[in-house]
Structures are given as C-alpha cells and as structure tokens.
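Residues per chain, in single letters:
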Amino acid sequence: MLTSSMPHRHVPQNLSLFGFSPLKSSSFALFLRPFSLYPPIFASSSPSPSRRPPRTAGYRRSDPSHPPRRKWSSLEEQKRKGRSPMEKEKASSFNHSSDSFEFNKRRAEGLDKIDKPKKNLKRNTRTLNPTNTIAYVQILGTGMDTQDTSPSVLLFFDKQRFIFNAGEGLQRFCTEHKIKLSKVDHIFLSRVCSETAGGLPGLLLTLAGIGEEGLSVNVWGPSDLKYLVDAMRSFIPRAAMVHTRSFGPSLNASDSTPQSGLSKPKDDAYVLVDDEVVKISAILLEPSHLEESGSKPGETAVIYVCELPEIKGKFDPKKAMALGLRAGPKYSYLQSGQSVKSDFKDITVHPSDVMGPSVPGPVVLLVDCPTKSHAEELLSIPSMKSYYSCLDNSTDGAKLVNCIIHLSPASVTNSSTYQSWMKRFHSAQHILAGHEAKNMEFPILRASSRITARLNYLCPQFFPAPGFWSPQHVNNSINSTSLSKCFDSNLGESISAENLLKFTLRPHSNLGVDRTCIPSRLTSLRVMDELLSEIPEISSKTEEIKRLWNGQHNKMMIEEPWLGESTVPSCLENIRRDDMEIVLLGTGSSQPSKYRNVTAIYVDLFSRGSILLDCGEGTLGQLKRRYGLEGADEAVRNLRCIWISHIHADHHTGLARILARRRELLKGVAHEPAIVVGPRPLKNFLDAYQRLEDLDMEFLDCRNTTTTSWASQETTRPEKNTNSGNAEGSLFSKGSPMQSIYKRSSTPLTDNSSALPFLKKLKNVLGEMGLEDLISFPVVHCPQAFGFVVKAAKRKNIAGDEIPGWKMVYSGDTRPCPEMVEASKGATVLIHEATFEDALVEEAVAKNHSTTKEAINVGSSAGVYRTVLTHFSQRYPKIPVIDESHMHNTCIAFDMMSVNMADLHVLPKILPYFKTLFRNQVVEEEEEETDNDSLMSDKVPSFFIN
C-alpha cells in the first residue's frame with residue numbers, strides 16, 4: 001500500500017549532531033501544496049490555448065485543454081486493462097494528501113515483488129533454416145575506442161544469433177546501431193572477468209523484462225562462470241540465470257556447481273551447439289605457468305570454433321538419366337546422400353555420380369589469448385591441429401579456416417610466438433580486434449559524443465573537450481584506404497577491426513570482408529560544421545557565456561531577473577580551482593541509452609584523491625571518454641572511496657570493472673585498498689565476486705556511516721557501541737511506517753564494533769582528503785537505500801579568518817522526504833534525482849522516485865545554494881521536461897558535465913542557453929511504436945525499473 005507519513009514525526013535526530021535543527025512545519029511547504037501540471041519547459045508564461053506552440057525539446061502541454069499524453073505510463077496501462085483488488089487498493093492511495101508526503105511503502109520494504117506475478121522466462125525457439133541465405137560475423141565495437149572492455153562479436157544467421165563476450169556498454173552500443181539483442185539465443189564468454197562480462201548482468205535484466213513473460217538466454221563460459229552466477233544472485237532474479245552452462249574441469253572439486261556443466265579432458269574440444277545450421281566448439285587455453293602455481297579463477301581463456309555445414313553440390317539430372325534413372329523420388333534420395341538402384345541398368349547409383357562437388361562450409365575462429373603466457377600454450381594445443389593449413393599442405397585432413405577474429409591485445413598479437421601461430425593458417429583472413437590506440441579519436445557511441453561536442457562548443461567551462469578528441473586529433477585526416485572497397489575476398493591478410501565490420505559467410509559468392517555497414521567516422525570538426533549550419537547564432541551564444549565569467553551579463557539579467565542574484569556563500573570565498581570538481585559521468589536511469597549512461601558521479605579532489613558516488617555499468621568507459629586513456633587511469637588510481645546508494649543494478653554494476661582496473665594499475669605499488677561504502681546486499685555481491693577476481697577493496701556498510709555510527713565511533717569503550725540499531729534515523733524508528741524495512745532477520749543490523757577499524761581508516765582517509773564528514777542517511781526508495789553528505793574541512797580566507805568548508809549532498813534514488821530536506825540544509829550543492837516530469841507524479845510515487853519540481857523544492861526548502869538535477873528517465877532522450885520558471889538556483893545535468901566549485905556561481909545562468917542548443921530536438925513522444933522484440937524501445941523493462 002502507499003503510505004502518507006507526517007513530516008514532524010520523522011525528523012532525523014542523529015543529524016542534529018552536525019548542527020542540523022529539527023524541521024519546522026513551514027519547511028515542508030513542498031508537501032503541503034497539491035501536485036499540478038506546470039508550464040512547458042523554458043516557457044516564461046503559459047501558451048495560449050488558441051495557439052499551440054511548436055514541439056521542441058523537453059516540451060509538454062500544460063494547458064488543461066490539452067492533457068499530457070502518457071502512452072507508456074504503466075499506471076495508465078493498468079487503468080486501461082483493469083486492476084486487481086490489490087492494485088485498486090494501491091491506486092486509492094495516489095490521491096494527493098494536503099498534509100503529508102507520499103511513497104510506496106511496499107516498494108520501500110522490498111515487498112512489491114510479491115505483488116507481481118512470477119515470470120517463467122522463456123527462451124527463443126525458432127525453426128532453423130539450414131540453407132541460410134545470410135550468415136556473417138560482425139564486430140560490435142564495445143570498448144574499441146576506450147579500451148576498457150573486450151569487443152563483442154555477433155554471429156548472425158537468418159533464425160539464430162550468437163554473441164561472443166558481453167562487456168560493459170554492449171546494450172548501449174546495440175541500441176544506437178539498432179541491433180536487436182532480444183533475438184540472441186546464446187552468449188559465449190571467452191573469459192569470465194569484468195572485461196568480458198561486465199555488461200552481462202544488465203543484459204540479463206533487460207531481457208528478463210521484455211514482453212509479458214520475459215526472455216532468458218543461454219550463457220556459456222569456462223568453469224569460472226559459476227562464481228559470476230553466484231555473485232549476480234544478490235540482485236538478479238534466479239529465473240534470468242537458469243540457462244547458464246559452464247564447461248571444463250572444475251577449479252575446486254569441493255565447489256558446488258549451481259549450473260549445468262560439461263567436463264572432459266582439458267585438451268579436447270567441447271561441443272556446445274551442434275545443429276543443422278552451425279557447430280560451435282570451445283577449446284580451453286590455460287597460461288603456461290599453470291602446472292607450477294595451479295589454476296586461478298579468471299585465468300582460463302577460450303578459443304571458439306564456429307563451423308558451418310558444407311554446401312552440397314548441384315544435382316545433375318542429365319547424369320541421372322544417363323545412369324538409367326527415371327525422374328521421381330530417387331532424385332530426392334540421391335540429393336539427401338542415399339544411394340539408389342538404377343531403373344534401367346543393373347547398377348547402383350551413388351550421390352557422387354550425379355552431384356557436383358560440395359563446397360566446404362566456412363570456419364571461423366574467435367581467439368582470446370590475454371597474455372604471452374597463454375600464447376606459449378597456444379602452439380601446443382592438440383585439438384587445434386586439424387585446423388592448421390601450412391604452405392606445404394602437409395597437414396592431412398585439415399579444415400580450411402576462413403576467418404580468425406583475434407580478441408587478444410596488441411602486446412600479444414605482435415609477439416613472435418603469436419605471429420608464428422598465425423602463420424599456420426595460410427589463407428585465413430585475420431581480423432585484429434584487440435585494443436589499438438588509433439581507434440580512440442573515433443567515438444563508437446556517436447550520438448552521445450555528438451551531444452557532448454555540441455555542449456563543449458556552447459560552454460567549454462562546464463563541458464570540457466572529450467578525451468578522445470584532444471587537440472592533436474582534430475586535424476587528423478581520415479584513412480580512406482580502408483573504405484575503398486566494399487567487399488574484399490583477398491584472404492590471408494591481417495586487418496584491423498572496425499566498428500560493425502562484417503565477414504560474410506553466406507552466400508558463398510560474397511565470402512570475405514564486408515565494409516558496407518561501417519559508419520562514417522565522426523570528428524569534432526564535422527560536429528561543429530553541423531552545429532553552425534543548423535544553429536548559426538550559436539557562436540554568439542558561446543561569446544555571451546564567456547562574458548558570464550567576467551560579470552558582463554546585463555542583457556541576460558534583464559531577460560531573466562533571477563540570474564542577477566549575486567549572493568555567494570562564505571565557503572566559496574576565494575576558493576581555488578583545484579579544491580573540488582564534480583564530474584557527472586552518467587545522468588540517466590534504469591539502463592544505458594544512446595544519450596545518457598546510467599548513474600555515476602566522480603568527485604575530484606585533485607591531489608588529495610577522489611570519491612565515486614554510484615558506479616553504473618560503463619563508468620570506466622565514461623571516465624576514459626572524459627579524461628582520455630592516461631587521464632582516466634590516473635583518475636582510477638586516485639580513487640580513495642566509492643560510495644553506493646542502493647543495490648539496484650543501474651547504480652553498481654560498473655563497480656567490479658573499476659576496482660579491477662585500479663588493482664591492475666597499482667600492482668607492485670604501495671597503496672591502500674579502496675574503501676567501498678554501500679548497502680549490506682552489495683557486500684554479498686562483492687564477496688562472491690572476489691572468488692573470481694581480486695578487487696583490492698575494504699567494505700563498510702552504509703549504516704556504519706550514519707551520524708549515530710560516527711558518534712559511537714568516537715567512544716573509547718567498544719562495549720558502548722550498541723546503538724547501531726538507531727543508525728537509520730527516525731524515519732525507520734519504532735512506530736514509523738518504515739520500521740519493518742531493516743528489522744527482518746534476512747538483513748541483520750551491522751555491529752559497529754566489528755566495523756570500528758574500517759571506520760577509523762575511513763576517518764583517516766577523509767582527513768587526508770581535506771574532508772570533515774562523510775555521512776550516509778536513509779531515504780525512501782527500496783530496502784537499504786541511502787543518501788550521501790560530504791563536508792569539507794574549515795579553511796582560512798585571505799584575511800586569515802576561519803570560514804566553513806563546502807557541503808555536497810547526493811540524494812541517490814528517493815521520494816522527497818523529511819530526511820532528505822534535513823540532510824540538505826545549508827548545502828553548497830545538492831545533486832538530486834529527478835526521474836520523472838511533473839505530470840507523472842503518480843509514477844514517481846509508485847516507484848519511489850522524484851519529479852523535477854519535487855527535487856527543486858527539496859533544495860529550496862533546505863536553503864541549498866545550487867541544485868543539480870540528474871537520473872532522468874530514459875524516456876527523455878536528450879533533455880528532460882522541466883519548467884524553467886522554477887529553476888532559479890538549479891541546472892540540469894548531462895553526461896560529462898564538470899562543475900568546478902569555483903564556477904558554481906555561474907551554473908544556473910547556463911540553463912537558458914540550452915533553449916538555443918536543443919531548440920530543434922523533437923521530443924521522442926509516446927507515439928513511437930513500442931516493439932517488445934527490440935531493446936530500442938523507451939519503455940523500461942519491469943525488472944530494470946528502479
């Protein structure tokens with residue numbers, strides 16, 4: 001049911017330790033006024049009913065005569081389809097109360113899953129087509145420009161799809177290029193690690209939410225796969241993983257294997273798929289030092305062999321007649337491979353007598369050889385001998401390999417050992433898909449890169465140039481030689497993989513490289529030319545923005561009087577540019593989209609280190625797009641603390657990749673493990689995952705970093721540390737509507753005494769970073785959801801007077817609630833989720849999210865200096881629906897937006913200029929047809945809604 005709770009009952013007493021005062025009733029005006037529809041985005045007045053304004057970015061009708069259309073609103077769909085009695089009881093609570101804030105209590109308690117019918121996820125079953133008219137392998141360029149994940153490969157048939165590797169960003173890449181992952185039948189992992197499988201959790205969740213029943217997919221990998229499955233169980237429905245299958249010897253005989261597996265001698269190939277369309281086998285590749293040190297999780301690599309059946313020769317009826325056969329059923333028997341008796345002669349006619357020569361089926365190898373140690377073993381694998389075709393043709397019965405896709409890094413493929421192995425395939429086309437630096441300047445996610453570049457032209461102060469378009473790349477000419485031919489059947493060469501490069505397998509006449517799908521390369525100069533052609537006056541707007549930093553913005557102050565506000569808090573007095581910068585790496589919700597990645601915020605304290613707030617899938621790639629390869633590595637090295645708000649997948653599935661990369665970068669260097677602060681279920685995931693891959697981190701429960709827990713840490717006697725039960729604040733205290741959330745036996749409260757060493761370590765880290773406090777506080781979203789407060793230490797101004805440090809607050813995912821307002825009081829900057837537009841307040845209440853107006857009102861009620869809105873629903877592709885008249889101290893976030901504390905006073909003044917930049921962007925409205933077979937739909941699958 002949906003619950004209304006009185007604000008004055010939920011003042012978090014623990015926050016008073018940091019100078020907060022209890023809420024007054026006047027502070028909660030935002031909950032007292034009824035919800036309503038607001039004027040259209042950027043409009044200073046309501047449109048005339050008689051004259052409908054043009055449809056522009058972020059616009060929604062607010063005139064009562066034109067009610068907003070919400071075709072994808074799940075609540076509206078329920079109204080049309082009818083509700084169950086339980087749903088009707090819930091709906092009755094949606095009526096806006098005049099004296100309370102509203103939230104979905106069952107969702108906050110995690111009980112909403114019980115209300116949903118249990119899904120029996122189905123696998124795709126299709127009638128196969130042995131005479132495929134189209135078959136090819138295609139490079140899906142995940143990670144090619146940022147080098148943070150292994151590229152994926154698509155094996156395509158008329159009725160079947162196979163994906164090899166699912167690194168972070170795979171969904172986002174396929175969405176942009178209209179590749180329907182819902183058609184995929186099998187996913188194969190060449191290794192089980194964050195580099196190759198970082199995108200798998202999000203993909204499984206998305207497939208599970210497609211349609212009424214959801215989809216499941218077969219997932220194959222070496223025996224390490226069971227560790228990944230165990231880890232994902234903490235946040236992925238079991239039904240989405242029932243078809244995971246491992247192969248190869250178990251690393252530990254005592255381990256239980258939760259998924260079905262295949263086992264045989266390690267030198268033999270494992271046949272995984274064998275039907276009339278394709279045979280897919282797996283050959284294990286271990287590092288050469290295996291016998292000395294024993295097997296370790298994540299070290300096993302796989303070579304996948306894909307063999308298509310031969311194409312039978314053409315039947316010759318003239319030969320059949322000459323051999324005494326009448327036209328009839330015997331012709332069919334011969335074509336199917338059976339011998340028959342002649343009708344007019346005393347002979348047996350064999351298929352070879354009347355059939356033309358068969359064409360061998362093409363063979364494709366996908367090779368992942370991650371290290372030189374693996375390459376040494378590559379030369380001696382017995383099961384590979386049948387695929388070698390040396391120059392002297394001395395290998396009898398060798399199968400002709402047509403194409404080899406090398407997923408190995410350049411450091412391995414360039415080694416003499418690996419080169420000698422490649423020479424064993426005389427006529428094969430080698431496609432090098434490992435990471436190459438030359439790919440950096442050509443972004444794979446073109447849509448988001450174009451938006452970032454346009455924002456950089458408009459306001460480089462808040463939108464620095466992307467790392468892949470550094471100045472030395474701008475004038476580079478495009479290598480046109482690779483585009484000179486669409487089809488290239490000259491095999492035996494080595495070429496670099498390109499985005500969407502194909503190798504055609506069927507029809508046989510087109511066997512070879514196909515470049516027709518490779519998109520034209522996007523450069524910054526091209527984007528600028530498009531922008532200036534589309535919006536010629538944008539250059540003058542850029543000059544106006546430059547003058548904002550010089551205080552010359554009188555014209556804008558006249559048009560928007562609120563922009564003339566000049567009061568700056570004392571904490572920003574003479575603040576240095578190397579004090580703190582907020583980089584919004586991902587500003588979307590639920591799942592990655594073309595224009596916005598999922599949530600991640602990088603808090604850069606420069607020489608003092610950095611903090612990462614939430615870490616959705618693809619966060620490492622976003623860091624590399626922001627800072628470049630070397631800059632991103634430095635940013636990861638500098639990470640001292642990672643804070644995760646709650647267990648929903650869009651907030652943490654990039655964490656393992658970040659931690660693994662940090663471990664790699666700091667290997668052999670004296671350093672401290674990263675401190676990860678998160679909800680208790682996250683620890684279950686990390687503990688299970690670390691059996692697969694060392695993450696070099698220490699974990700603290702968010703409940704150990706509440707004000708109450710910090711206060712108990714200050715005591716000298718551990719026996720007094722018994723008050724952790726109050727760490728959640730009064731929102732979850734006895735007698736409150738939320739008290740049951742943390743009291744279930746499945747989530748026991750964390751004992752502060754056991755966390756004391758880690759708290760002390762965190763306190764030391766905060767001191768080294770120049771921070772005074774790091775506080776987690778409970779919010780209303782799902783079980784164990786938290787918000788975040790960080791406060792800088794006091795400092796002295798030029799006059800030598802002591803002034804307070806800045807204070808930053810991050811909401812995580814939440815409904816507006818008293819705890820959120822109380823924690824935000826006096827904040828220098830508040831980063832607040834604004835998932836829904838104001839017209840969708842019912843959806844916001846049902847899913848325990850906030851609307852844009854509610855988020856702004858939280859900041860206003862708390863007296864926040866600047867509010868930044870983020871976590872927008874992916875139904876708003878480029879710019880969310882907002883009402884500019886309420887944005888006095890507020891700005892909307894975009895991916896890669898970088899807000900330096902020294903520029904904070906200018907931040908809201910940038911908002912009106914977005915009107916110009918996005919004026920031609922038509923809202924992708926609900927009229928867009930929803931295709932349950934596609935992942936390009938803006939309708940968010942039910943498993944992924946958070």
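The structure displayed is predicted, hence computed values, not measured ones. (Residues numbered from 1 in each chain as written. Predicted model: local features only at pLDDT ≥ 70, side-chain atom pairs only at ≥ 80, totals over all residues. Heavy atoms only, no water.)

Undergrad: When you look at the packing of aromatic side chains in this model, what are you seeing that I'm missing?
TA: What describes a pair of aromatic rings is the distance from one ring centre to the other and the angle between the planes of the rings. Counting across every chain of the model gives 24 aromatic pairs. Here the aromatic rings of Y602 and Y627 are separated by 6.0 Å at their centres, their planes lie at 70 degrees, and the arrangement is edge-to-face. Remark: Y627 occurs in helix α22 (residues 619-637) and Y602 occurs in strand β25 (residues 600-604); sequence separation between them is 25 residues. The buried category is assigned to Y602, whose relative accessible area is 2%. Classification of Y627 by relative accessible area gives partly exposed; the value is 23%. Ring geometry for F894 against F914: centres 5.1 Å apart, planes inclined by 75 degrees, an arrangement best described as edge-to-face. Taken together, the positions of F894 in the loop between β37 (890-892) and β38 (897-900) and F914 in helix α30 (residues 914-917) put the pair 20 residues apart, joining distant regions of the chain. Per residue, the accessibility class of F894 equals that of F914, and both read buried. Here the aromatic cluster, defined as three or more aromatic residues joined through ring pairs, consists of F157, F162, F164, F188, W220, F247, Y270 and Y304. A cation over an aromatic ring shows up here: K502 above the ring of Y136, its NZ or CZ 4.0 Å from the ring centre. (Phe/Tyr/Trp six-rings, centres within 6.5 Å; stacked < 30°, edge-to-face > 60°. Helix = DSSP H or I, 4+ residues; strand = E, 2+ residues; numbered from the N terminus. Buried < 20%, exposed > 50% of the residue type's maximum accessible area, 1.4 Å probe, protein only. Lys NZ or Arg CZ within 6 Å of the ring centre and 35° of its normal.)

Undergrad: Got a minute to help me understand the environment of N499 in this structure?
TA: Tracing the sequence through the fold places N499 in the loop between β21 (494-496) and β22 (502-506). The buried category is assigned to N499, whose relative accessible area is 11%. Taking the C-alpha atoms as reference, N499 lies 6.2 Å from L140; in sequence the two are 359 residues apart.

Undergrad: Can you help me understand the sheet that holds strand β31 (residues 786-792) in this one?
TA: The pairing of strands in a sheet happens through backbone hydrogen bonds and is either parallel or antiparallel. A sheet is described by the order of its strands in space; here six strands give the open sequence β30-β31-β34-β35-β36-β37, paired in mixed fashion. Bordering the open sheet on either side are β30 (771-778) and β37, each of which pairs with just one other strand. Each neighbouring strand pair of the sheet contributes to a mean axis angle of 15 degrees, computed without reference to strand direction. Here strand β36 (residues 866-870) pairs with β37 via three bridges, running parallel. By the bridge assignment, T867 is partnered in β37 with T890. (Pairing = 2+ DSSP bridges. Axes fitted to C-alpha atoms, helices over the stretch in contact; angles between N-to-C directions.)

Undergrad: I would appreciate a short explanation of the pairing of strand β4 (residues 135-140) in the present structure.
TA: Looking down a regular strand, the side chains alternate between one sheet face and the other. The buried fraction of β4 is high, at six of six residues. The side-chain alternation of β4 yields two buried faces, one formed by A135, V137 and I139 and the other by Y136, Q138 and L140. Of the pairings in the sheet, the one linking β4 to β22 comprises four bridges and is antiparallel in character. Bridge pairing in β22 links Y136 to T504. The pairing of β4 with strand β5 (residues 152-157) spans six bridges and is antiparallel. Bridge pairing links Y136 to F156 in β5.

Undergrad: Honestly, the nonpolar core in this entry has me stumped. Any pointers?
TA: In globular proteins that are soluble, nonpolar side chains generally tend to be buried together. By size, the foremost hydrophobic cluster in this structure holds 112 residues, and its most contacted members are L155, F164, L200, V278, I280, Y304 and I405. Composition of this core by domain shows at least three residues from each of domain 1 (135-250 + 265-311 + 360-388 + 398-436 + 497-514) and domain 4 (575-714 + 750-900). Beyond its immediate sequence surroundings of up to four residues, L155 is in contact with Y136, V137, Q160, R161, F162, F164, V278, I280, C306 and L505. Counting residues in each nonpolar core, the second largest holds 75 residues, with C641, A834, A893 and F914 among its members. (Core = buried A, V, L, I, M, F, W, Y, C linked by side-chain atoms within 4.5 Å. Domains from an automatic or database assignment. Contact = heavy atoms within 4.5 Å.)

Undergrad: Help me understand α22 in this model?
TA: Since the α-helix packs 3.6 residues into each turn, any two residues three or four apart lie on the same face. With 19 residues, α22 extends just 14 Å between its outermost C-alpha atoms, more than 12% less than the 27 Å of an ideal straight helix rising 1.5 Å per residue. Helix geometry: α22 is bent most strongly at G628, by close to 115 degrees. (Expected span 1.5 Å × (residues − 1). Bend = angle between axes of the 7 residues up to and from the residue.)

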